[in-house]
Amino acid sequence: DTPHPELRHPARALSTSANRTQRNPNAFRIDGAVSVNLWLPHHVGYVNPAETIDTVNISTNNFDADQGMAAGAAVTVVTKSGTNTLHGTAFLLRTQDEFNANTFNNNANGLPKPNLSNSIFGGTLGGPIVKDKLFFFGSWERYQGRRGVQQTFTVPTAAMRAGDFSEVGAGGYNFTLYNPFTGGAGGVGRTPFPGNQIPANLISPTATAILAQWPSPNTGTDLNRNNIADDYVRGITVKNDRDNFDVKLTWQRNQSHSIWGKFAMLDAEVVDNFILG
């Protein structure tokens, strides 16, 4: 529900509605513990890697006693535990921009194809520590996302930097540039600069120094076809790197009683929508 989901939630959780309720009253549990993002309660706080999930149960009415705190849906996720046999998995999912087409607007304006690539890789391992008594199950999953974004700005043209604003009127704008040193109080009776051009002796040295740090137009024609707006385009890369770590230990006290403990952590670095570097 946003063009930049990684800004809202690094786990990339999705929101759902059940029984025609709002998204917030759903309850999500992972191995019995409620998982919720307190800042965005319609999102799950922690999303388990798919390779660690054993069973999923979704209830939308007639909740059991252990499925309270839900007005919409109660989702229960149970993760895998180790067994007497050593088992492991390794996985890699990759999409890359070499196989993607350019966008329609980029092709129309002669702009390069933005970078878009995603990788999900990792593995799991589970087995016995003490046969029939103590077991472990662990996993690591890494998500690497790169998304090219095209940003468009309006910057002064070479003529404007020299004080010549005649192209503003040529671009279809009703524009008149007045000499601020003429006329009376409140600007009444001010005289326009001929041809909307500022004489060189009236250009501020401070403004000239600032313009030297400002980027110049880099497009042959602007995107709005009016010769002055949207004349500077740059590409940035949105980066979303995320690691999921899961470790679960299970002690089988007897055939009908087991005790387990689990540690899960999400570590994410997101860089998005930066303007000044």
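Up top is the structure.
Small disclaimer: the values here were computed from a predicted structure and weren't measured. (Residues numbered from 1 in each chain as written. Predicted model: local features only at pLDDT ≥ 70, side-chain atom pairs only at ≥ 80, totals over all residues. Heavy atoms only, no water.)

Quick look at unusual backbone geometry
Which entries qualify depends on this criterion: The helix count covers DSSP runs of H or I at least four residues long, the strand count covers runs of E at least two residues long, and both are numbered beginning at the N terminus. The cut-offs for exposure are 20% and 50% of the maximum accessible area for each residue type, with area from a 1.4 Å probe on protein chains only; residues under the lower value are buried, those over the upper are exposed, and the others partly exposed.
Despite not being glycine, Asp31 has its phi angle at roughly 55°, a positive value. As for its placement among the helices and strands, Asp31 is situated in the loop between β1 (27-30) and β2 (33-34). At Asn196, a residue that is not glycine, the phi angle is positive and equals roughly 55°. Along the chain, the position of Asn196 falls in the loop between α4 (166-170) and α5 (205-212). Owing to a relative accessible area of 11%, Asn196 belongs among the buried residues under this scheme.

Details of the pairing of strand β6 (residues 116-130)
Operational definition: Pairing between two strands requires that DSSP report at least two bridges joining them.
Of the strand pairs in this sheet, strand β5 (residues 87-95) and β6 are connected by nine bridges, and their pairing is antiparallel. The residue bridging Leu93 from the neighbouring strand is Ile120, located in β6. Pairing between β6 and strand β7 (residues 134-153): 14 bridges, direction antiparallel. Among the inter-strand pairings, Leu116 is bridged to a residue of β7, identified as Arg147.

Let's talk about the pattern of salt bridges
Here the idea is simple: oppositely charged side chains can pair when their charged atoms come close. Condition: Within this document, salt bridges are pairs made up of a side-chain nitrogen of Lys or Arg and a carboxyl oxygen of Asp or Glu, the two lying within 4 Å of each other.
Inspection of every chain in the model, using the stated rule, returns eight salt bridges. Among the ionic pairs, Lys262 bridges to Asp31, the shortest N-O distance being 3.5 Å. Placement of the pair is Lys262 in strand β9 (residues 257-271) and Asp31 in the loop between β1 and β2, with a sequence separation of 231 residues. Across the pair Asp246 and Lys262 runs a salt bridge, and its minimum N-O distance is 3.7 Å. Remark: Lys262 occurs in strand β9 and Asp246 occurs in strand β8 (residues 232-254); sequence separation between them is 16 residues. You can call Lys262 partly exposed: its relative accessible area is 27%. One salt-bridge network, held together by shared partners, links Asp31, Asp246, Lys248 and Lys262.

With respect to the side chain of Ser119
Worth spelling out the cut-off: For this analysis, a polar contact is any N or O atom pair within 3.5 Å, provided that within protein one partner can donate a hydrogen and the other can accept it, and provided that sequence-adjacent residues contribute only side-chain to side-chain pairs.
In this fold, Ser119 is placed in strand β6. Residue classification places Ser119 among the buried positions, given a relative accessible area of 7%. Polar side-chain contacts of Ser119 include one of 2.8 Å to the side chain of Arg94.

Structural notes on the sheet that holds β2
Strand order in the open sheet made by the four strands is β2-β1-β4-β3, with mixed pairing throughout. Sheet topology places β2 and β3 (53-59) at the edges, where each strand pairs with a single neighbour. For β1 and β2, the ladder comprises two bridges, and the chain directions are antiparallel. Following the sheet pairing, Arg29 is matched in β2 by Val34.

What to know about the packing of aromatic side chains
Note the cut-off: Side-chain rings of Phe, Tyr and Trp, where Trp is taken by its six-membered ring, are said to pair if the distance between their centres is within 6.5 Å; with planes under 30 degrees apart they count as stacked, over 60 as edge-to-face, and otherwise as tilted. The criterion is that NZ of a Lys, or CZ of an Arg, lies within 6 Å of the ring centre and within 35 degrees of the ring normal, and then a charge sits over that ring.
Counting across every chain of the model gives three aromatic pairs. Relative to Tyr232, the ring of Phe153 has its centre 6.4 Å away and its plane inclined at 40°; by these criteria the two rings are tilted. Taken together, the residues Phe153 in strand β7 and Tyr232 in strand β8 connect sequence positions 79 residues apart. Seen from their ring centres, Phe165 and Phe175 are 6.5 Å apart, and the 40° between their planes marks the pair as tilted. In this pair, Phe165 is assigned in the loop between α3 (158-161) and α4 and Phe175 in the loop between α4 and α5, connecting sequence segments ten residues apart. The ring centre of Trp260 lies 4.9 Å from the NZ or CZ of Lys248, which sits over that ring.

What about the sheet that holds β7?
So the rule is basically this: Note on geometry: axes are lines fitted to C-alpha atoms, helical ones only across the stretch in contact, with angles between N-to-C directions running from 0 to 180 degrees.
Overall, antiparallel pairing links the five strands, which are arranged β5-β6-β7-β8-β9 in an open sheet. The outermost strands of the open sheet, each flanked by one partner alone, are β5 and β9. Direction aside, neighbouring strands of the sheet carry axes that sit 10° apart on average. Pairing analysis gives 15 bridges linking β8 to β9, with the strands arranged antiparallel. From the neighbouring strand, Arg242 faces β9, where its bridge partner is Ala268.

Everything listed is a geometric property; what it means functionally is a separate question.
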